[in-house]
Structure formats: C-alpha cells, structure tokens
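Survey of secondary and tertiary structure
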Amino acid sequence: MEATFNPPQLPTFVPTGLATAVSTPLPTPKNNVAAELPPPTITPQPIATTTVTQLPTSTPTATLTPTPISPCSKRIPQDDLFTIVTQTYGLSREYAPQDLVLLTDYLPVDVTLGFPTELRQIALQPLIQMIADMQSAGLQPRILSGYRSYAAQAISWDKWNREEPERAAILSARPGHSEHQLGTTVDFGSPELAGIVGIPDIQFHTYFYQTSEGVWLAQNAHRYGFTLSYPRGALEMTGFYYEPWHFRYVGEEMATLLLDLEMYLTEYQLLNQPEPCIP
Ligand SMILES: [Zn+2]
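Scoring rules and cut-offs
Residues numbered from 1 in each chain as written. Predicted model: local features only at pLDDT ≥ 70, side-chain atom pairs only at ≥ 80, totals over all residues. Heavy atoms only, no water. Salt bridge = Lys/Arg side-chain N within 4 Å of Asp/Glu carboxyl O. Helix = DSSP H or I, 4+ residues; strand = E, 2+ residues; numbered from the N terminus. Buried < 20%, exposed > 50% of the residue type's maximum accessible area, 1.4 Å probe, protein only. Pairing = 2+ DSSP bridges. Axes fitted to C-alpha atoms, helices over the stretch in contact; angles between N-to-C directions. Arc of directions from axis to C-beta. Polar contact = N/O pair within 3.5 Å; in protein donor to acceptor, adjacent residues only side chain to side chain. Contact = heavy atoms within 4.5 Å. Phe/Tyr/Trp six-rings, centres within 6.5 Å; stacked < 30°, edge-to-face > 60°. Core = buried A, V, L, I, M, F, W, Y, C linked by side-chain atoms within 4.5 Å.

Right, let's get into the pattern of salt bridges. Throughout the structure, instances matching the rule amount to three salt bridges. Ionic pairing is found between arginine 120 and aspartate 99, a salt bridge with its closest N-O pair at 2.9 Å. With arginine 120 in strand 2 (residues 118-120) and aspartate 99 in the loop between helix 1 (17-23) and strand 1 (100-102), this residue pair connects regions lying 21 residues apart in the sequence. Of the residues examined, arginine 120 reaches a relative accessible area of 3% and is grouped as buried. For aspartate 99, a relative accessible area of 24% corresponds to the partly exposed category. With its nearest N and O atoms 3.5 Å apart, the salt bridge here joins lysine 159 to glutamate 163. Placement of the pair is lysine 159 and glutamate 163 together in helix 4 (residues 150-163), with a separation of four residues, close to one helical turn.

Here it is, written out as structure tokens:
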C-alpha cells in the first residue's frame, strides 16, 4: 500500500467544521449498493433537519480523537476506524484493507449463508462474540455483506447505470463511496424480514428494525463496538437513507459514546474534525 500516509499526530478540533458540513448541499441522495436496493414498496424515512443547536456538545477524549484526514488524492485510511465515507467523501481506488479474513472460516453456515464474505481481522472477534450472544438469546442473525472492493463497487455501479439509469443514483453508491470498502462494515439479515415485509426472500428492507435481530442490534451492537451508520435522519450528511441493517465496527468506546450522544459517526466526525477534501 501507499507509504505516504501521514503518521498519526495530535488532532486539532475545529468546531466550526459543522457549519460547513451542514450547509454544504450533498449530491442527489443515493442509496447504498446494489445488494441493498430497497424494494419498490419502501417508504423513505422522513429527513430530519439537523441544526447546530440540536447537536449535543461533545467532549472527545484523547483515545477517541479522530485521525487527521490524509490528502485528498490519498484517502487511504489504513488502520483508522473512524474514516468518513459518504456519498460526498470517498476513498482512494487504491485502498484495500490488508488484514481481511474469510468469515466462513469462523462462523457457521447458517450465519454466513455460505457466501465468501470478508471482513477486517480487527472486527472479527467482536463480531464472533456478538453473533454467539445473539444465538444464545435465541436469535438467528445472518451476515449478508461485509468487505466490498472498489472494483466490486464499480461493477455494481455500472450494472445499475446500465439496467436502470434513472434509479442508479439511489440503488447504488459510486465506487469509493461505500463504507464496505473499509472492511469493517457488516450488513445483517433476519429470517423474520420476509414475513414482516410480505415479499419472499427479501434481504434488505427498512422493516429490518422491526425484526428480533434488528431490535437486538439496535440495543446491543455498541457493546461489541458496532455502530449504526445510517440512522433515520442521516441522509443530509451521508447521502444514505435509513439502513437499520448496516453496522460499522468503530470499537466499543466510540460506539458507546455515539449511542450516549445520540449521534452517528459521520455526524460526530464532521463536528470534531475539519471537513475532508472531496476527491
Ligand atoms: Zn451496508
């Protein structure tokens, strides 16, 4: 990988970054990748208007300080768990995690469904423990997606633009603009979803939040270091609609802080560090 990544340095908080963040219009709202396209019946969640005064004042501790953003042409997060990735702020096409593991080597097939899903090693043990605890609680979590390369995202993006050009922008993320490229993000499924939605075999739907697995994850994922990237109201800052199935590993301390602050990672990051450059 690139050797030009800036070494970690003491961060400088720039609280004024928020004003820029919330006043900068994001591109046309887009949904996540192809595998996550909402069904035709999906009802977009109301978009909360986030203002500066509604945001709680956060006092980051030294261990939770955001890592400085690398130069625009080199948005390569390396080991940074907090890197901002949205429909506006993308990753370098050169970035791929170096510590990917195959989940089928560690989790039962009823969880992985036999897909060769990869994830970064750093998130593996917390994920295994979380899955085990969910199963002990009588739940049936499924893992539908993990790491997705820049190239895989590009293929998905091209496919949707070819097949449904009008809807491509809300069915897929541009390559470099999916948190799945970080290798720390997991999409979960539930066997209850199809029954709730009324569409056989459906894998992704907003109603995931009503499933037993979705309820449990919303309440407990932070204890294992996973945080919900796109809650209701995150569209303006992230470019993504509510995705109750999409969790990103940020470590237990950060995940718990975000839950306590009732914030999501991108919101927290844009409050506490300079706005990233746009590649
Ligand atoms: Zn996802």
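Here we have four strands laid out as an open sheet, ordered 3-4-6-5, and antiparallel in their pairing. Taken across any chain shown, the strands that pair with only one partner, and hence form the sheet edges, are strand 3 (142-145) and strand 5 (226-228). The sheet shows a mean angle of 45° between the axes of neighbouring strands, direction not considered. As defined by bridge partners, strand 4 (residues 185-189) adjoins strand 6 (residues 246-249) across three bridges and the pair is classed as antiparallel. In the strand pairing of strand 6, threonine 185 is matched with arginine 248.

This part covers helix 7 (residues 212-220). Of all the residues in helix 7, the buried ones are Glu213, Gly214, Trp216, Leu217 and Asn220. What you see down the axis of helix 7 is that its buried residues fit within an arc of 165°, all on one side. What points out from helix 7, more than 90 degrees from its buried face, is the exposed set Ala218 and Gln219.

A few words on the side chain of glutamate 179. Inspection of the secondary structure puts glutamate 179 in the loop between helix 5 (168-171) and strand 4. Of note is the side chain of glutamate 179, whose polar atom sits 2.6 Å from the side chain of serine 229. A distance of 2.9 Å separates polar atoms of two side chains, one belonging to glutamate 179 and the other to histidine 246. Those residues in contact with glutamate 179 that sit more than four places away from it in its chain are Val85, Thr185, Ser229, Tyr230, His246 and Arg248.

What follows covers the pairing of strand 4. For strand 4, the buried fraction is high: five of the five residues fall into the buried class. Because side chains alternate across strand 4, one face comprises the buried residues Thr185, Asp187 and Gly189, and the other comprises Val186 and Phe188, equally buried. Pairing of strand 3 with strand 4, which is carried by three bridges, proceeds in the antiparallel orientation. Across the sheet, residue isoleucine 143 finds its bridge partner in strand 4, namely phenylalanine 188.

All told, the structure shown has six aromatic pairs when counted by the stated rule. Ring geometry for phenylalanine 188 versus phenylalanine 247: centroids 5.9 Å apart, planes at 70°, classification edge-to-face. Of this pair, phenylalanine 188 sits in strand 4 while phenylalanine 247 is found in strand 6, placing the two residues 59 residues apart along the sequence. As far as the burial class goes, phenylalanine 188 and phenylalanine 247 line up, both buried. Relative to tyrosine 242, the ring of tyrosine 209 has its centre 6.1 Å away and its plane inclined at 45°; by these criteria the two rings are tilted. Of this pair, tyrosine 209 sits in the loop between helix 6 (193-197) and helix 7 while tyrosine 242 is found in the loop between helix 8 (235-238) and strand 6, placing the two residues 33 residues apart along the sequence.

On to the nonpolar core. Residues Leu127, Met130, Ile143, Phe188, Leu217 and Phe226 are the most contacted members of the largest nonpolar core, which totals 42 residues. Elements supplying a minimum of two residues to this core: helix 3 (124-136), strand 3, strand 4, helix 6, helix 7, strand 6, helix 9 (252-261) and helix 10 (265-272). Ignoring anything within four residues of it in the chain, the contact list for phenylalanine 188 reads Leu127, Met130, Ile131, Arg142, Ile143, Leu144, Phe208, Leu217, Trp245 and Phe247. Counting six residues, the second largest nonpolar core, distinct from the first, contains Ile84, Tyr89, Met237 and Tyr264.

These values are about where atoms sit, not about what they do.
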